[in-house]
Amino acid sequence: MILFCLPYAGGSEVIYYKWKKYLSSLILLDTIELKGRGKRFNEGFYENLDEAVEDIFKNIKTKIVDNEYAIYGHSMGSLLAYELYYKIFNENLRIPKQIFFSGYKAPNINRKEKHIHLLPDEAFINKVIDLGGTPKELVGNKEFLQLFTPILRNDFKMLENYVYKYRKDKIQCDISVLNGKEDHITQDEILEWKNHCDKAFKVYNFVGNHFFINTNIESITNIINKTLLK
């Protein structure tokens, strides 16, 4: 069983590295690095979310032909996971056993904030922090912020320019939705995911804000282990 993990806006694959300690040995952790960050720092940014999905699909295509797998995406990674499912489905390839949508409302719900990515750097970062879109501890590191801001800005551009497309065919695998109790996402926005799925649907609420994923690693991986190996 392969578990593909997709990062949040501004994040790289390293956000999932600590999971290796807690995941079952029967689950192979496959972290996805997006362009413009980490080991792909020298590659140009995506123009839009569809381009990112196409890139992810190319990177996992050969791995999903003969292997059972699941997808986990947090925040922006959830939206990538949603669109990736339909890319795989439309290519008539093996669909995932399970998708974990984490820290993100259902894709048909419009973003309340518009054009944040067009703000000047300082206003942009402050707005993202207000929205819970980046860890506050990063703000005091000016050197890191200089590297981080263009990545985050481009990710927000992809999210803000995303256009939801209604699909008649609902997701044909079980889905789990994970949420931080202190996040800005409402329960109605979380429960709306159920309307995108024809199979089993379950919600898990955790203590924490938008970045509950960083403070509940053992609990989250325990859920993944039980879900994928049942």
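For the structure itself, look to the data block above.
Rules and cut-offs
- Residues numbered from 1 in each chain as written.
- Predicted model: local features only at pLDDT ≥ 70, side-chain atom pairs only at ≥ 80, totals over all residues.
- Heavy atoms only, no water.
- Phe/Tyr/Trp six-rings, centres within 6.5 Å; stacked < 30°, edge-to-face > 60°.
- Buried < 20%, exposed > 50% of the residue type's maximum accessible area, 1.4 Å probe, protein only.
- Helix = DSSP H or I, 4+ residues; strand = E, 2+ residues; numbered from the N terminus.
- Expected span 1.5 Å × (residues − 1).
- Contact = heavy atoms within 4.5 Å.
- Pairing = 2+ DSSP bridges.
- Axes fitted to C-alpha atoms, helices over the stretch in contact; angles between N-to-C directions.
- Right-handed = clockwise from strand over helix to strand, strands pointing away.
- Salt bridge = Lys/Arg side-chain N within 4 Å of Asp/Glu carboxyl O.

Q: Quick question: what am I supposed to make of the packing of aromatic side chains here?
A: According to the stated counting rule, one finds 14 aromatic pairs in the structure shown. Seen in terms of ring centroids, Tyr16 and Trp19 are 4.9 Å apart; in terms of plane orientation they differ by 85°. Their pairing is edge-to-face. Assigned by exposure class, Tyr16 and Trp19 land together as buried. When the centroid spacing of 5.4 Å and the interplanar angle of 10° are considered together, the rings of Phe206 and Phe212 count as stacked. Owing to a relative accessible area of 7%, Phe206 belongs among the buried residues under this scheme.

Q: Hey, could you run me through helix H6 (residues 217-228) in this one?
A: At 3.6 residues per turn, the α-helix brings residues three or four places apart onto the same side. With 12 residues, H6 should cover 16 Å at 1.5 Å per step; its first-to-last C-alpha distance of 16 Å lies within 8% of that length. Within H6 the residues assigned to the buried category are Ile217, Ile220, Thr221, Ile223, Ile224, Asn225, Thr227 and Leu228. Where H6 is buried, its residues touch strand E1 (2-6), strand E3 (69-74), strand E4 (98-102), strand E5 (174-180) and strand E6 (201-206).

Q: I keep staring at the sheet that holds E4 and nothing clicks. Help me out?
A: The pairing of strands in a sheet happens through backbone hydrogen bonds and is either parallel or antiparallel. Taken in spatial order, the 6 strands make up an open sheet running E2-E1-E3-E4-E5-E6, and their pairing is parallel. What marks the edges here is a single partner per strand, and that holds for strand E2 (28-31) and E6. The sheet shows a mean angle of 20° between the axes of neighbouring strands, direction not considered. Both E1 and E2 contribute to a ladder of 4 bridges, which runs parallel. Residue pairing in the sheet places Phe4 in a bridge with Asp30 of E2. Helix-sheet contacts for helix H2 (residues 76-90) involve E1, E3 and E4, and the interaxial angle to E3 is about 145°.

Q: What is the right way to read the pairing of E4 from this model?
A: Successive side chains on a regular strand alternate, one facing one side of the sheet and the next facing the other. Where burial is concerned, most of E4 is hidden: 5 out of the 5 residues are buried. Handedness of the crossover joining E3 and E4 through H2: right-handed. By the bridge criterion, 5 bridges tie E4 to E5 in an arrangement that is parallel. The residue bridging Gln98 from the neighbouring strand is Asp174, located in E5.

Q: What is the right way to read unusual backbone geometry from this model?
A: Leaving glycine out, the prevailing phi sign among residues is negative, and the prevailing peptide bond configuration is trans. Here Ser75, not a glycine, exhibits a phi torsion of approximately 55°, which is positive. Its place among the elements puts Ser75 in the loop between E3 and H2. On the basis of relative accessibility, which here comes to 9%, the residue Ser75 falls in the buried class. Although it is not a glycine, Asn92 sits at a positive phi angle of roughly 60°. Within the secondary structure, Asn92 sits in the loop between H2 and E4.

Q: What exactly am I supposed to notice about the pattern of salt bridges here?
A: Oppositely charged side chains are able to pair whenever their charged atoms sit close together. Under the counting rule described, the total for this entry stands at 8 salt bridges. Ionic pairing is found between Arg37 and Asp155, a salt bridge with its closest N-O pair at 2.8 Å. In this pair, Arg37 is assigned in the loop between E2 and helix H1 (49-64) and Asp155 in helix H4 (residues 142-160), connecting sequence segments 118 residues apart. Asp155 gets classed as buried once you look at its relative accessible area, which sits at 0%. Between Arg167 and Glu83 there is a salt bridge; the shortest N-O distance is 2.8 Å. Linking Arg167 in the loop between H4 and E5 with Glu83 in helix H2, this pair joins segments that are 84 residues apart in sequence. For the pair Arg167 and Glu83, a shared accessibility class is recorded, and that class is buried. Ionic contacts of the salt-bridge type, sharing partners, join the residues Arg40, Glu43 and Asp55 into one network.

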